[in-house]
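Notes for the structure review
Listed below are the residues making up each chain.
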Amino acid sequence: MQEQISKIKEMTLQKIQEAKDSKLLNDVKVQILGKKGELTQVLRGMGALSPEERPKIGELVNNVRNEIESKIKEKEEEFKAKELQQKLEKETIDITLPSTKIKRGSKHPVNRVIEEIEDLFVSMGYDVVSGPELETDEFCFERLNLPKGHPARDMQDSFYITEEYLLRTQTSAVQARTMLAKGGKEPIRMICAGKTYRREDDATHSHQFGQVEGLVIDKKDKNVSLADLKGTLEVFVKKLIGKNCELRFRPSYFPFTEPSYEVDVSCFKCGGKGCNLCKQTGWIEVLGAGIVHPNVLKMNGYNPEEYGGFAFGTGLERLAMFKYGITDMRYLYTNDVRFLRQFDRKDEE
Ligand code: PHE
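Conventions used here
- Residues numbered from 1 in each chain as written.
- Predicted model: local features only at pLDDT ≥ 70, side-chain atom pairs only at ≥ 80, totals over all residues.
- Heavy atoms only, no water.
- Core = buried A, V, L, I, M, F, W, Y, C linked by side-chain atoms within 4.5 Å.
- Buried < 20%, exposed > 50% of the residue type's maximum accessible area, 1.4 Å probe, protein only.
- Pairing = 2+ DSSP bridges.
- Helix = DSSP H or I, 4+ residues; strand = E, 2+ residues; numbered from the N terminus.
- Contact = heavy atoms within 4.5 Å.
- Axes fitted to C-alpha atoms, helices over the stretch in contact; angles between N-to-C directions.
- Salt bridge = Lys/Arg side-chain N within 4 Å of Asp/Glu carboxyl O.
- Polar contact = N/O pair within 3.5 Å; in protein donor to acceptor, adjacent residues only side chain to side chain.
- Near = heavy atom within 4 Å.
- Nonpolar A, V, L, I, M, F, W, Y, C, P; charged D, E, K, R; others polar.

What follows is about the nonpolar core. Ranked by internal contacts, the top residues of the largest apolar core, which has 44 residues, are Ile 117, Leu 233, Phe 236 and Phe 312. Grouped together as the second largest cluster of nonpolar side chains are 20 residues, Phe 256, Val 292, Val 296 and Leu 297 included.

Each regular strand carries side chains that alternate between the two faces of the sheet. Summarising the sheet, strand E6 (residues 247–254) and strand E7 (residues 257–266) pair through seven bridges and their orientation is antiparallel. Across the sheet, residue Arg 250 finds its bridge partner in E7, namely Glu 262.

Before going further, it helps to examine the sheet that holds strand E1 (residues 127–128). In space, the seven strands of this open sheet follow the order E1-E4-E5-E9-E8-E7-E6, with mixed pairing throughout. With partners counted over all chains shown, the strands left at the sheet margins are E1 and E6, one partner each. In the sheet, strand E8 (residues 283–292) pairs with strand E9 (residues 307–315) via five bridges, with the strands oriented antiparallel. Residue Gly 290 lies in a different strand from E9, and its bridge partner there is Ala 311. Of the strands in this sheet, E1, strand E4 (188–197), strand E5 (208–219) and E9 touch helix H5 (residues 109–123), which is tilted by about 165 degrees from E4. Running over the sheet, helix H7 (residues 173–182) touches E1, E4, E5, E8 and E9 and is turned about 145 degrees from E4.

Evaluation of the coordinates by the stated rule reveals 18 salt bridges. Of the charged contacts, one joins Lys 107 and Glu 115 as a salt bridge, the two residues approaching to 3.2 Å between their closest N and O atoms. The class of Lys 107 is partly exposed, set by a relative accessible area of 36%. A salt bridge links Asp 328 to Arg 330, with the shortest nitrogen-to-oxygen separation between them at 3.1 Å. Of the residues examined, Arg 330 reaches a relative accessible area of 43% and is grouped as partly exposed.

A separate point is the side chain of Arg 198. Looking at the secondary structure, you find Arg 198 in the loop between E4 and E5. Among the polar contacts made by the side chain of Arg 198, one reaches the main-chain carbonyl oxygen of Thr 169 at a distance of 2.9 Å. Apart from the residues lying within four places of it in its own chain, the contact partners of Arg 198 are Gln 156, Asp 157, Ser 158, Phe 159, Thr 169, Gln 170, Ser 206, His 207, Phe 209 and Gln 211.

This paragraph deals with the site of the ligand. In the vicinity of the ligand, 15 residues are found, and the nearest of them are Gln 170, Ser 172, Arg 198, Gln 211 and Glu 213. Here a nitrogen atom of the ligand and a side-chain polar atom of Ser 172 are 2.9 Å apart. Among the elements of the structure, E5, E8 and E9 are those that each provide at least two residues to the shell around the ligand. Residue contributions to the shell around the ligand peak at three residues, all from E9. The residue makeup of the shell around the ligand, split by class, is five nonpolar, eight polar and two charged.

Bringing the environment of Gly 194 into the picture now. One can find Gly 194 in strand E4. What makes Gly 194 buried here is its relative accessible area of 16%. Setting aside residues no more than four positions away along its own chain, Gly 194 makes contact with Arg 168, Thr 171, Phe 209, Gly 210 and Gln 211.

Printed below as a string of structure tokens:
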């Protein structure tokens, strides 16, 4: 029996030595040490041995088994290391190769304009506030001196959700909200940028557009006169568009301001000579503004004897067109990447 065992040992060690990969090595393992393996069979036959021989053979088999197991383990490690090495060689990355370019988006020109306006007004001490796009009739019209049935509502016919709720037609709705929030006591300096909606859709109007609203309220003897409004708008427009543009104040009508003005800027395309963009007038209207109507102050908690102020509102798309020399408003909405990409480098400026 001893002889049989040492034969198995020799043969097995030889096979382990010759095994070319981990699969063949495993086959050897099963063949010798498995349930039906050769060495296992030997152990099973031990019943036939005499009681003196049994422990000796048992010990021998165990030693051989241990030896074989450790040889197999050694060989397995060898294979593993080799496989890893091969994998590493195959999968090396050449870090000197140029990388695949990641396409980067850029800020939309309208968002750039919003950020710039906000920075500008914050530097003049204004707060930046916001209001809901789904607005009530009360805040969009009534509290701005536009009672139900007022003819001026026709200018802003819009998307009603119910009789009471509509998509706001103007950011002026935020004026009333801010005044009420301040409780009729504190002075106000705020701007609010956001989306507005009107039932209009043609080459120069869109059903959705951006506005920026400004409101300044203070004690009557503080700087809240028409001259202050004019000065503020001059600084605002010239800083944003460029100091060479000219501003023109035209008397106009808004129910929530009295007196009211429309403010035109000299046409950026023709420089004021007259062209198709400015309808041959040399001017493009960009702002509505005026002195806050006493009724609006009263309705929103401020005493018109004590407090006064001015308000202005402007279309963001128009300002973006001026700032970047965009001659068709529709470019801003159609999201043609060739158009948008022209603004990429502005981030680094
Ligand atoms: N809300 C007005 C509009 O949408 C603009 C405006 C704002 C006019 C504030 C005067 C004062 O046309």
